[in-house]
Amino acid sequence: MKLIIAIVNNEDSNVVASALTKEKFFVTKLSTTGGFLNVGNTTFLIGADEAEIPLVKETIKRFSKTRAHDAPSTGSFGTGLRPDGLPADTAVNVGGATVFVLGVESMDKY
Ligand code: 2BA
């Protein structure tokens, strides 16, 4: 058993959730916020067998688009913690999706 943690753009989250559910995967969606842009994204938790990981990844990848997003102004960092060397008004590419796969010691449903 593996736990897939996938961070997906909010705009793609409904279609990704639908596609995973259609493939019979169990999915939990968390409302999360990216630490860099400070905008909302969606984190999926998916428990699946190891053999199913390629299909989970392919499904997420198929529906997760890459988008340009303006990097925050210095003020958005609150205390001027904008990373060095990042010019003002820089756009960054966000996504498709960022996917982690973790081992699971056990999973029980009561
Ligand atoms: P954010 O942290 O809001 O990052 C949004 C985008 O900003 C990133 O897109 C990347 O292009 C850029 N970025 C992030 N941190 C940066 C930095 N320190 N310096 C310069 N540019 C930076 P993605 O890489 O596609 O990430 C999308 C979202 O996925 C992130 O939102 C974050 O919520 C999550 N994420 C990505 N990599 C992660 C990691 N290694 N660990 C935890 N969360 C991650």
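Remember, it's a predicted structure, so these values are computed and weren't measured experimentally.

Colleague: Would you mind going over the overall build of the protein chain in detail, with residue names and values included?
Modeller: Each helix and strand counted, the protein chain has 2 helices and 6 strands in total. Counting from the amino terminus, the protein chain carries its helices and strands in the arrangement β-α-β-β-α-β-β-β. Looking at the protein chain as a whole, 29% of its 110 residues are labelled buried. A fraction of 69% describes how many contacts in the protein chain between residues 6 or more apart in sequence connect residues 24 or more apart.

Colleague: Break down unusual backbone geometry for me, citing the residues and quoting the values.
Modeller: Residues Gly95 and Gly96 are joined by a peptide bond in cis, for which omega reads -10°. For Lys24, which is not glycine, the phi torsion reads 75° and is therefore positive.

Colleague: Outline the sheet that holds strand S6 (residues 98–103), supporting the account with residue identities and numerical values.
Modeller: If you walk across this open sheet you meet the 4 strands as S2-S3-S1-S6, and the pairing is antiparallel. The sheet terminates laterally at strand S2 (27–33) and S6, the two strands that pair on one side only. When the angles between neighbouring strand axes are averaged without regard to direction, this sheet yields 20°. Bridge count between S2 and strand S3 (residues 40–48): 7 bridges; the pairing is antiparallel. Bridge pairing in S3 links Lys29 to Phe44. Across the face of the sheet, helix H1 (residues 10–22) comes into contact with strand S1 (2–9), S2 and S3 while running at roughly 20° to S3. Running at roughly 5° to S1, helix H2 (residues 53–63) makes contact with S1, S3 and S6 of the sheet.

Quick notes on the rules
- Residues numbered from 1 in each chain as written.
- Predicted model: local features only at pLDDT ≥ 70, side-chain atom pairs only at ≥ 80, totals over all residues.
- Heavy atoms only, no water.
- Helix = DSSP H or I, 4+ residues; strand = E, 2+ residues; numbered from the N terminus.
- Buried < 20%, exposed > 50% of the residue type's maximum accessible area, 1.4 Å probe, protein only.
- Contact = heavy atoms within 4.5 Å.
- Pairing = 2+ DSSP bridges.
- Axes fitted to C-alpha atoms, helices over the stretch in contact; angles between N-to-C directions.

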